[in-house]
Amino acid sequence: MENKNTGSTKPTNFIREIIEEDLRTGKHTKIHTRFPPEPNGYLHIGHTKSICLNFGLAEDYNGLCNLRFDDTNPTKEEIEYVESIKEDIKWLGFDWGDREYYASDYFDQLYEYAIKLIKKGKAYVDSLSGEEIKEYRGAPTEAGKESSYRNRLIEENLDLFERMKAGEFKDGEYVLRAKIDMTSPNMNMRDPIIYRIRHESHHRTGDKWCIYPMYDWAHGQSDSIEGITHSLCTLEFENHRPLYDWFIEALDIYHPQQIEFARLNVSYTVMSKRKLLELVEEGYVNSWDDPRMPTISGLRRRGYTPESIRNFSEKSGIVKRNSVVDLALLEHSIREDLNKKAKRVLSVLNPLKVVIENYPDEKVEELEAINNPEDSSKGTRKLPFAKTIYIEKDDFREDPPKKFFRLAPGKEVRLRYAYIIKCEEVIKDPKTGEVIELRCSYDPETKSGTGSSNKKVKGTIHWVSAEHAIDAEVRLYDRLFTVEDPLGEKDKDFKDFINPDSLEIIKHSKLEPSLSNAEKGERFQFERLGYFCLDSVDASRDRLVFNRIVRLRDSWSKIEKEQQGQK
RNA sequence: UGUCCCGUGGUGUAAUUGGCAACACGUCGCACUCUGGAUGCGAAGAGUCCAGGUUCGAACCCUGGCGGGACAACCA
């Protein structure tokens, strides 16, 4: 279903309906959203949903989207994360203009709001210990009880709160709490803490403050200060909405609307910051931007395009129901994008030497190859062809199974852009029996593009000229986990399901010579193999390192798997 | 034993707000192909968690169940 009001081709969803209703009724004339990350870790694919939603909505409805760092907890947050988050959002293609905000920008205002709340008799300073507060809070099914300090005089509260701010007390000695209802069935309403003492310097405000606001106190009021119309967050904040509304109403300030949606989950991976950290710290992956990581920086290094990630996010939809999107959809998104864009090249990952016996010894032909069959404007390039070439080990079988259309003893196959060759002889290592070389003949009449032969063969394989090929390291990445839901089994640790084959390194692959000019981050389709990207970290002028982004769809592997299953 | 939210093919979403359950991914065929890619065509697969009710008519409204999720950090 297309969105008729905006001319957008994006699918509609319940949030767009709310926005369109608000625009139609005149509740708002312009929408204003925000993306509010906490700078305590790297962004991952799950965050892209919120980023695309908030920035995308603003784009589509001609509104604005702020970037606001939710930096209310100095013990966990660091400037390093602020920088990486900004880089990732920019890379995804979104722009917050000059509206880069921080909850800490509002600490003064938030403090004033707290005083206002105290004066209204709706907040009090509590002297209970952390343990006691927890005890008094009760449980979801049993009411809590009121603190003995709950009915302090307003003046006393004001005095104590000011002294909290002045640094007269130790961490944990006092807290400021809202006075709501200790018997509320909603735990969030049981006199939530709104300020705590933390003698800790903050990455932006330095040592100005030793009291810091809690999320609930900071978030809604920050939304209000910025004039946010639709404050979109994930489902776990549903139970916080009554509190969000209570604060805003108690303060009698502009009231943004909080709307919750389900967060994005993807099969065969984990998304929590803590678990990702575990993978990094315990060495299961090499870094936060390891190409196997679901972090934005990992996906970027792997070779994913921003467009593919945005399309993926679009396709996975916005609803209020928890779900797990198939990794196959992400893979489809990147294939779809790169099929249109990526230059085709011939690369042999696991080389098998082939000598074409009836081809002249010294002869080298320059064959014309198409750069992108989906886009003729990308032109053609020259490919050197000579007597000795490499083909993929997988493309030869001494004892070919049914439906194997590639090379085998006595069989013919087409070399892409070159000739049809026939396998005349198989040379093996006398000790191991391993096939180390093939002797073939070629048919000069079958040169590509000449049409001088009517010979047809079922298979076409890729190859490189042995003397012209360049060496490269190729890193074959695969899904990080072997099961759809690594967190699914309670008795097992998610790390037990790590795919031991998530990375296979091939040190000496043979690539066509044009690849020596590849730039860091440049993406290619290695024909018949997959999409690859020159690694932006480990590659250098004299060392090529390619990452496999994703395999091509491969109907042969399915046939083969099925055949093996039958045996 | 509370409050809030949510149940539609294998997966993710849609259904003009009460009118023959649609699309995408995946799967399986066929065609085409100098990439077993791409592309084109086609198929299978849900009767909408269950049971009642309202209605000419219910995925949608009502009632009651069942199932899943969230909530007891001085985290966000």
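In what follows, the structure referred to is the one given above.
The paragraphs below set out a description of the structure included in this document. Per-chain numbering applies: the sequence of each chain, read as written, is numbered from 1 onward. Whichever chain is written first is A, and whichever ligand is written first is 1; the rest continue in order. At least 70 in pLDDT is required for a residue's local features to be given in this predicted model, at least 80 for side-chain atom pairs to be given and counted, and no such filter applies to totals for whole chains, interfaces and linings, which use all residues. In computing side-chain properties, one takes all heavy atoms of the structure into account and sets aside hydrogens as well as water.

**Let's talk about the protein's contact with RNA strand B**
Part 1 of the argument: We call a residue near a given molecule or strand whenever any one of its heavy atoms falls within 4 Å of it. In the vicinity of RNA strand B, 72 residues are found, and the nearest of them are Thr72, Arg198, Arg344, Ser448 and Gln525.
Part 2 of the argument: Restricting attention to atoms of RNA strand B within 4 Å of the protein, one finds that 62% of them are sugar or phosphate atoms.
Part 3 of the argument: Pairing of N or O atoms within 3.5 Å defines a polar contact, subject to two protein rules: one partner must be a possible hydrogen donor and the other a possible acceptor, and residues neighboring in sequence count only if both atoms are side-chain atoms. Between Lys403 and RNA strand B, the recorded distance is 2.6 Å, taken from a backbone N or O atom to a base nitrogen.
Part 4 of the argument: A distance of 2.5 Å is found between a base nitrogen of RNA strand B and a side-chain nitrogen or oxygen belonging to Gln525.
Part 5 of the argument: For the surface near RNA strand B, the elements supplying multiple residues, two or more each, are helix H5 (130–137), strand S6 (193–197), helix H11 (306–316), helix H12 (327–341) and helix H13 (555–566).
Part 6 of the argument: Each residue gets one label: Ala, Val, Leu, Ile, Met, Phe, Trp, Tyr, Cys and Pro are nonpolar, Asp, Glu, Lys and Arg are charged, and the others, such as Gly, are polar. Residue composition of the surface near RNA strand B, grouped by class: 26 nonpolar, 20 polar and 26 charged. Numbering of helices and strands starts at the N terminus; helices are DSSP runs of H or I of at least 4 residues and strands are runs of E of at least 2.

**Comments concerning the packing of aromatic side chains**
Part 1 of the argument: Planes of paired rings set the category: under 30 degrees apart is stacked, over 60 is edge-to-face and the rest tilted, where pairs are Phe, Tyr or Trp rings (Trp by its six-membered ring) whose centres lie within 6.5 Å. Tallied over the full model, the rule gives 24 aromatic pairs.
Part 2 of the argument: Relative to Phe247, the ring of Trp217 lies with its centre 4.8 Å away and its plane at 85°, an arrangement referred to as edge-to-face. On the criterion of sequence distance, the pair formed by Trp217 in helix H7 (residues 215–226) and Phe247 in helix H8 (residues 241–251) is long-range, its members being 30 residues apart. For the pair formed by Trp217 and Phe247, the shared burial category is buried.
Part 3 of the argument: These aromatic residues form a ring-pair network of at least three members: Phe107, Tyr111, Phe161, Tyr195, Trp209 and Tyr212. Partly exposed residues are those whose accessible area sits between 20% and 50% of the maximum for their type, while under 20% is buried and over 50% is exposed, using a 1.4 Å probe and protein chains only.

**Some words on the environment of Val324**
Part 1 of the argument: Take Val324: it is sitting in the loop between H11 and H12.
Part 2 of the argument: What makes Val324 exposed here is its relative accessible area of 56%.
Part 3 of the argument: The spatial distance from the C-alpha of Val324 to the C-alpha of Lys340 is 28 Å, given a sequence separation of 16 residues.
Part 4 of the argument: Residues count as neighbours in contact if any of their non-hydrogen atoms are within 4.5 Å of one another. With residues near it in sequence (within four places) discarded, Val324 still touches Asn265, Val266 and Ser267.

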